[in-house]
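# Architecture and fold: a report
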There are 2 protein chains.
Amino acid sequence: MDKLILVPLTMKHPLKQHIEEIITLTEKEFEFILSHFETIHKRKHQYLLQEGEIADKEFWIVKGCLKSYFIDEAGKEHILQFGMENWWVSDYESFVKQSRSKINIDCIEDCELLYITLENREKLTTEMHKMERFWAKKSKFGRIALQNRILSLLKNSSKERYELLLEQYPKLFQRVPKKLIAAYLGVSRETLSRLNS
Amino acid sequence: MDKLILVPLTMKHPLKQHIEEIITLTEKEFEFILSHFETIHKRKHQYLLQEGEIADKEFWIVKGCLKSYFIDEAGKEHILQFGMENWWVSDYESFVKQSRSKINIDCIEDCELLYITLENREKLTTEMHKMERFWAKKSKFGRIALQNRILSLLKNSSKERYELLLEQYPKLFQRVPKKLIAAYLGVSRETLSRLNS
DNA sequence: AGGATGTTAGGACAATTGTCACTATAAATT
DNA sequence: AATTTATAGTGACAATTGTCCTAACATCCT
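The structure presented is a predicted model; accordingly, all values stated were derived computationally and were not measured. (Residues numbered from 1 in each chain as written. Chains lettered and ligands numbered in written order. Predicted model: local features only at pLDDT ≥ 70, side-chain atom pairs only at ≥ 80, totals over all residues.)

Below, the discussion takes up the overall build of chain A. When helices and strands are tallied, chain A shows nine helices and eight strands. Whereas a compact globule of 197 residues would reach a radius of gyration of roughly 16 Å, chain A reaches 18 Å, a difference of no more than 12%. On the principal axes, the C-alpha backbone points of chain A span a range of 55 × 40 × 35 Å. Residues counted as buried form 28% of the 197 residues belonging to chain A. (Helix = DSSP H or I, 4+ residues; strand = E, 2+ residues; numbered from the N terminus. Rg over C-alpha atoms; globule rule 2.2 N^0.38 Å. Buried ≥ 20, exposed ≤ 12 C-beta atoms within 10 Å, placed from the backbone.)

Attention shifts here to the protein's contact with DNA strand C. Lining the immediate environment of DNA strand C, one finds 13 residues, of which A:Pro177, A:Lys178, B:Ser188, B:Glu190 and B:Thr191 sit closest. Elements with a contribution of two residues or more to the surface near DNA strand C: helix H8 (178-185) and helix H9 (189-195) of chain A together with helix H9 (189-195) of chain B. Here the surface near DNA strand C is composed, by residue class, of two nonpolar, seven polar and four charged. (Near = placed C-beta within 6 Å. Nonpolar A, V, L, I, M, F, W, Y, C, P; charged D, E, K, R; others polar.)

The next thing to look at is the protein's contact with DNA strand D. Around DNA strand D sit 13 residues in total, of which A:Ser188, A:Glu190, A:Thr191, B:Pro177 and B:Lys178 are the nearest. Elements with a contribution of two residues or more to the surface near DNA strand D: H9 of chain A together with helix H8 (178-185) and H9 of chain B. A class-by-class count of the residues in the surface near DNA strand D yields two nonpolar, seven polar and four charged.

Next up on the list: the interface of chain A and chain B. With 21 residues of chain A at the interface, the matching set in chain B holds 21 residues. Taken together, the elements giving at least two residues each to the side of chain A that touches chain B come down to strand E5 (77-83), helix H3 (92-97) and helix H5 (129-155) of chain A. Counting residues per element, the side of chain A that touches chain B draws most heavily on H5(A), which supplies 14 residues. Class assignment of the residues belonging to the side of chain A that touches chain B gives a composition of ten nonpolar, five polar and six charged. (Contact = placed C-beta atoms within 7 Å.)

Nothing here speaks to function; it is geometry throughout.
Have a look at this one:
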């Protein structure tokens, strides 16, 4: 029972809008791109990827909120990335190297997702050089974001990291329990709780 | 007074060897690639890039050791990356976005470097699609390395991070003062010193 | 509606880490 | 050779953070 998104003819598909932030597309080109994707719905607490699996899909979040994370030997959860509308999510390492994933991805809210398989992604990049450029640019910006997160982990105190996150993604705090924010920042939830007082 | 590297005819240029880990090259192709690079020598304590500058070069380390780092408001040094033989170094963010760099890169030892300007890099990628693939792959692996560093910063204690680094780059400990290792791991040098006892 | 589960805050204490001070040695510079 | 400068270890103390605990709500599910 797939729900369908009803998109008025005058309204751009959100993925088209997203891709056009980087490259320009004709309507025909976008339809061709979209034909390589599938829609999937997932409910809260359902997995997109589990530790040990090999990531063969990359997801684009139409609606919803999710987390990619892992559980350490002590049972503690560490969040690598949150995902919300217009974000791409996968285990990048597993997807690129076709290795077993060290992380889990699951839904914090009911999610509507578009996904592209590795196979279709490769097809699409060879069929359409524009999309290779799109993904190359995305990859570059992804890398820059990771680099800045490392800088922040080294430089900023947990309070500063908390405030920076609040500033950058205020919406996150209304959608995600604070213990997950703590797991992202790398502090215990008690410590995070004390930062407010 | 440029020193020259004398490479016997039977011996591959180290950069050729490096690139051939990912793509195959004829001798002619490599010469073409190399013609886009320049050699430069830097002495210990000399900068390749300073905060506020715009990175217009990417360096490949033939010989030597360097660090990319920044100094925070409290005057503390934080090391983003060490570089040794066969590593690529630049401020990726500044290079890609042509924005002012937040970091410094300078030499821990006398260094022999090859560099390619942004201009030549773009020329080379359009002239030779193989090299676009090479750099795309390098970029992917670079991103994976950053992701794993974040995982390690979240998951591992400073002692564990120390031991993992020692395991992965034992040579680093003979070339780099321990206070720099501490600045890379994100702990004070006193704490690092106590990890041994 | 009601029980189960998940979330948040806070106290008390322990463990870790940072800071400051001092010392000793090694390396670089003149 | 002598003098700076850089590096490394250690003790004492403070600050931060983690762990364990309880309690109060909120949310979810049937």
